[in-house]
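# Reading the structure
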Amino acid sequence: LAFELSEEVDRYVAGQIATLIREKKGAGQNAVLGLATGSTPIGVYRELIRLHEEEGLDFTNVLTFNLDEYWPMEPDSIHSYNRFMWENLFHHINIPKENVHIPDGTVPLAKVEAWCDDYERKIQEAGGLDIQLLGIGRTGHIGFNEPGSSRNSTTRLVALDPKTRKDAAGEFYGEENVPMQAVTMGVNTIMNARQIIMLALGEHKSKITRIAVEDEVTDQVPSTFLQKHPNSMFVIDSAAASQL
Ligand code: GLP
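Looking at an unreviewed UniProt entry, the chain carries the name Glucosamine-6-phosphate deaminase, with the source organism given as Polystyrenella longa.

Take a look at the structure:
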């Protein structure tokens, strides 16, 4: 689905999420959202905040699970995805604090594996992800599932691709400051979502968007796995669609 403007993408995707939240509430159930960070979803979060403030969209029946976090990373660091989510969304809506789940960048190495297994269990206990929101990295990664991530991968500690670290260098004031690793949901965790919405905005995403949508499915470009999902959708602006 391609829109002329990024604002239309934001409104459409926020509308989809709002509809899910309202339907689930009507049925006395929770809406379970998989959320992403990066610059791309910020407009969707802004629109969700507007729906909360102006239309009273209620988040008390919403559970969230974020895709990833740098490791190691303190949650109050300016680089932290924990902090990003609170600043760009959670502080501005009425979601109960205990409903928010974000990978923890402070878990010691010896405990990371158990922590990741626990994250998978929590997603399952919540009933699985209703909608997983995704952005796409230049390597074609989803979450931090870099090239080589297997279809069966679950939440785990991974090494970041040099391209990804280069792209993050600006925010970290130098590539050498970008963490070498991250905790990310796996490809399988993402593929288990009942619906997947991939966002891509801007000309700089046009090449990888084309590859993800049109090229053969390969673990060298993990976003190509989405082609195999029964209910996945790319929602993009005209600039990102320019090479399709
Ligand atoms: C990071 C995140 C991804 C995100 C990507 C693109 O690597 N882990 O989830 O999709 O950046 O970020 P942006 O939306 O800023 O282009």
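## Overview of the overall build of the chain
Per the secondary structure count, the chain includes 7 helices and 10 strands. The C-alpha atoms of the chain give a radius of gyration of 17 Å, which matches the 18 Å a tight globule of 244 residues would have. Considered along the principal axes of its C-alpha atoms, the chain spans approximately 45 × 45 × 35 Å. Put simply, the chain has 244 residues, and 41% of those count as buried.

## With respect to the nonpolar core
Core analysis: the biggest nonpolar cluster contains 62 residues, and Val13, Leu134, Ile197, Met198, Leu199 and Ala200 have the highest contact counts within it. In this view, Ala200 contacts Ile136, Lys205, Thr209, Phe234, Ile236 and Ala240; residues no more than four positions away in its chain are not counted.

## Regarding the sheet that holds strand β7 (residues 156-159)
Spatial strand order, β4-β8-β7: 3 strands in an open sheet with antiparallel pairing. Looking at strand neighbours, the two that pair on one side only are β4 (68-71) and β7, the edges of this open sheet. On average, adjacent strands in this sheet sit at an angle of 30° to one another, irrespective of strand direction. Inspection of the sheet shows β4 paired to strand β8 (residues 181-184) by 4 bridges, in the antiparallel sense. Its bridge partner being in β8, Asp68 is matched across the sheet by Thr184.

## Considering the pairing of strand β9 (residues 195-200)
Of all 6 residues that make up β9, 5 are buried, and the element is covered over most of its length. Sheet topology note: the strand β6 (residues 131-134)/β9 ladder contains 4 bridges and is parallel. By the bridge assignment, Gln132 is partnered in β9 with Ile196. As for the winding sense of the linkage, the β-α-β connection from β9 through helix α7 (residues 206-214) to strand β10 (residues 232-237) is right-handed.

## Thoughts on the packing of helix α1 (residues 6-26) against helix α2 (residues 42-55)
Axis separation between α1 and α2 bottoms out at 8 Å; the angle between their running directions is 55°. Classified by the interaxial angle, the pair formed by α1 and α2 is oblique. In this structure, the crossing between α1 and α2 has a hand that is right-handed. Facing α1, whose interface residues are Ser6, Glu7, Asp10, Arg11, Val13, Ala14, Ile17 and Ala18, α2 presents Gly43, Val44, Arg46, Glu47, Leu48 and Leu51. Considering only residue class, the contact of α1 with α2 consists of 7 nonpolar, 2 polar and 5 charged.

## Describing the UniProt feature "domain: Glucosamine/galactosamine-6-phosphate isomerase" (unreviewed entry) in the chain
According to UniProt, the positions carrying the feature "domain: Glucosamine/galactosamine-6-phosphate isomerase" (unreviewed entry) are residues 7-229. In this annotation, residues 7-229 is assigned 36% helix and 15% strand; the end-to-end C-alpha distance for the span is 26 Å.

## Overview of the environment of Arg165
For Arg165, the location among the structural elements is in helix α5 (residues 162-168). Between the C-alpha atom of Arg165 and that of Arg11, which follows or precedes it by 154 residues, the distance is 30 Å. Apart from the residues lying within four places of it in its own chain, the contact partners of Arg165 are Leu160, Glu175 and Val178.

## What to know about the environment of Phe3
Following the sequence through the fold, Phe3 ends up in strand β1 (residues 2-3). Here the alpha-carbon distance between Phe3 and Asp237, two residues 234 residues apart in the chain, equals 4.8 Å. Once residues within four sequence positions are removed from consideration, Phe3 is found in contact with Glu8, Val9, Tyr12 and Asp237.

Calculation criteria
Residues numbered from 1 in each chain as written. Predicted model: local features only at pLDDT ≥ 70, side-chain atom pairs only at ≥ 80, totals over all residues. Helix = DSSP H or I, 4+ residues; strand = E, 2+ residues; numbered from the N terminus. Rg over C-alpha atoms; globule rule 2.2 N^0.38 Å. Buried ≥ 20, exposed ≤ 12 C-beta atoms within 10 Å, placed from the backbone. Core = buried A, V, L, I, M, F, W, Y, C linked by C-beta atoms within 7 Å. Contact = placed C-beta atoms within 7 Å. Pairing = 2+ DSSP bridges. Axes fitted to C-alpha atoms, helices over the stretch in contact; angles between N-to-C directions. Right-handed = clockwise from strand over helix to strand, strands pointing away. Parallel < 35°, antiparallel > 145°, perpendicular 65-115°, else oblique. Left-handed = near helix turned anticlockwise from the far one by under 90°. Nonpolar A, V, L, I, M, F, W, Y, C, P; charged D, E, K, R; others polar. UniProt positions renumbered as here; feature names shortened; annotations may be inferred.

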